[in-house]
Amino acid sequence: MTFDNHIIVCPIEHSSAHEIKDKTVVLKTSSLDNVSIAVEKFKNNNNIIHAVLFVPDKPLSEFNFDIALPNCKIVCFASKLGEYSILRKQFPYIHKNKILFFFEPNSEESFLSVKLLSTLNIAVGFKLNSKDILWQDLLDICFHTLYSKASHYIFEPINYLISDFKKEGTIHIESSYFDNFRRYLHLSDTTMQLALTQDDLKNKNFIADGFESLLLKETETVYEKKIAEWHAVFIENKPCATCVAWRLCNGSFLSYCDKGMSEPVAFFSEILEAIQSKNNRVGEISI
Ligand code: SF4
């Protein structure tokens with residue numbers, strides 16, 4: 001069955017959360033206060049907890065991190081740090097709870113936030129499914145992480161690339177922020193509808209209405225069509241067909257490249273080359 005191995009990104013506040021059984025889940029929440037209780041409830045329903053996804057609806061300085069959190073991967077999609085003088089008192093607890101903070105790489109403020117947290121040895125990253133990416137700034141910070149002898153913190157997507165690097169085939173860095181449709185499904189906040197990506201969820205573009213619908217032939221057909229979409233770029237002779245960055249980008253920025261923008265090609269090809277040569281050097285040393 002096509003979706004047997006998919007991980008469900010599930011809001012813990014969902015009114016039908018108690019009906020979710022025998023799944024592997026990422027528990028999504030806008031507050032960390034009730035996470036430990038939710039994790040226990042989901043575990044009692046025979047679910048496996050893959051991670052907790054904290055999506056705050058206000059600046060981080062307005063949250064209390066001095067709480068006991070479950071012993072699993074905790075990821076936060078942050079937008080603003082907020083009041084620094086208040087937040088800095090929380091840094092020891094953030095550090096202790098090993099939370100990984102993702103930002104959108106589209107503003108000076110985001111880059112400053114990432115730099116600040118990383119200097120405190122707090123794990124950080126950028127989501128590449130964002131709009132209006134500042135490509136050169138992103139490339140600079142990725143290169144700094146790859147080459148600086150001083151960098152010892154976790155920085156995504158570089159950390160994911162290094163740990164999951166394969167010499168052949170496509171690489172899906174969006175897995176590091178649970179947005180690879182081959183691996184994750186996203187449950188609506190209010191209904192039992194499921195979407196393939198975070199954007200699809202936002203745009204209410206659902207693939208199934210409830211877990212039973214995942215068994216339907218029509219659902220499987222839509223999914224298989226999505227999987228096969230990449231063929232089209234070669235048939236229609238899109239820029240991806242000859243792009244050196246294909247194996248890392250997988251055509252994710254075709255709307256940019258179709259308009260003649262060269263930044264995605266430059267970014268992904270330089271990162272790919274750097275990771276490959278780093279990987280080769282590690283191989284040489286180990287021989
Ligand atoms: S960088 Fe552009 S041309 Fe290359 S694979 Fe990505 S979307 Fe296609």
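Residues numbered from 1 in each chain as written. Predicted model: local features only at pLDDT ≥ 70, side-chain atom pairs only at ≥ 80, totals over all residues.

1. Details of the nonpolar core
Looking at soluble globular proteins, one finds that nonpolar side chains tend to be buried together. Formed by 66 residues in total, the largest nonpolar core has its most connected members in V9, L27, L53, F101 and F102. If one sorts the elements of this core by residue count, strand β5 (residues 99-103) sits on top with five residues. Both of domain 1 (7-177) and domain 2 (229-287) provide at least three residues apiece to this core. Not counting chain neighbours up to four residues away, the residues in contact with V9 comprise V26, K28, L53, F178, Y184, L185, H186 and L187. (Core = buried A, V, L, I, M, F, W, Y, C linked by C-beta atoms within 7 Å. Buried ≥ 20, exposed ≤ 12 C-beta atoms within 10 Å, placed from the backbone. Helix = DSSP H or I, 4+ residues; strand = E, 2+ residues; numbered from the N terminus. Domains from an automatic or database assignment. Contact = placed C-beta atoms within 7 Å.)

2. Topic: the domain arrangement of the chain
Taken domain by domain, the chain comprises domain 1 (7-177) and domain 2 (229-287). Computed over C-alpha atoms only, the centres of domain 1 and domain 2 are separated by 25 Å. Counting from both sides, the interface comprises twelve residues of domain 1 and, opposite them, eleven residues of domain 2. When residues of the side of domain 1 that touches domain 2 are traced back to their parent elements, those giving at least two are α5 (135-147) and α6 (158-163). Top contributing element to the side of domain 1 that touches domain 2 by residue count: α5, with six residues. Grouping the amino acids of the side of domain 1 that touches domain 2 by side-chain chemistry returns ten nonpolar, two polar and no charged. (Nonpolar A, V, L, I, M, F, W, Y, C, P; charged D, E, K, R; others polar.)

3. Some remarks on the site of the ligand
As a structural note, the neighbourhood of the ligand is formed by 13 residues, with C240, C243, C249, C257 and P264 the closest of them. Elements that contribute at least two residues to the shell around the ligand include exactly α10 (246-249), α11 (254-257) and α12 (263-286). Counting residues per element, the shell around the ligand draws most heavily on α12, at three residues. Partitioning the shell around the ligand into residue classes produces twelve nonpolar, one polar and no charged. (Near = placed C-beta within 6 Å.)

4. Details of the sheet that holds strand β7 (residues 155-156)
Within the open sheet, the ten strands sit side by side as β7-β6-β5-β4-β3-β2-β1-β8-β9-β10. Their pairing is mixed. The open sheet terminates on both sides in strands that have one partner only, identified here as β7 and β10 (206-209). Judged from the three bridges that link them, strand β3 (residues 48-54) and strand β4 (residues 74-77) form a sheet pairing that is parallel. Among the inter-strand pairings, F54 is bridged to a residue of β4, identified as C76. (Pairing = 2+ DSSP bridges.)

5. Focus on unusual backbone geometry
Glycine aside, negative phi is the norm for most residues, and most peptide bonds take the trans geometry. Cis geometry marks the peptide bond from E156 to P157; its omega dihedral reads 10°. Tracing the chain through its elements places P157 in the loop between β7 and α6. The backbone of D22 sits at a positive phi, close to 55°, despite the residue not being glycine. With respect to the secondary-structure elements, D22 resides in the loop between β1 (7-11) and β2 (24-29). When the 9 C-beta atoms within 10 Å are taken as the criterion, D22 is described as exposed. The phi torsion at N121 lies on the positive side, around 65°, for a residue other than glycine. Of note, N121 is situated in the loop between α4 (108-119) and β6 (124-126). For N121, a count of 11 C-beta atoms within 10 Å puts it in the exposed group.

6. Notes on the pairing of strand β8 (residues 184-187)
Here β8 shows two buried faces, one formed by Y184 and H186 and the other by L185 and L187. As paired strands, β1 and β8 are joined by three bridges and run parallel to one another. Paired with V9 across the strands is H186, a residue of β8. Pairing of β8 with strand β9 (residues 193-195) involves two bridges; the strand directions are antiparallel. By the bridge assignment, L187 is partnered in β9 with L194. Connecting the antiparallel pair β8 and β9 is a turn made up of five residues.

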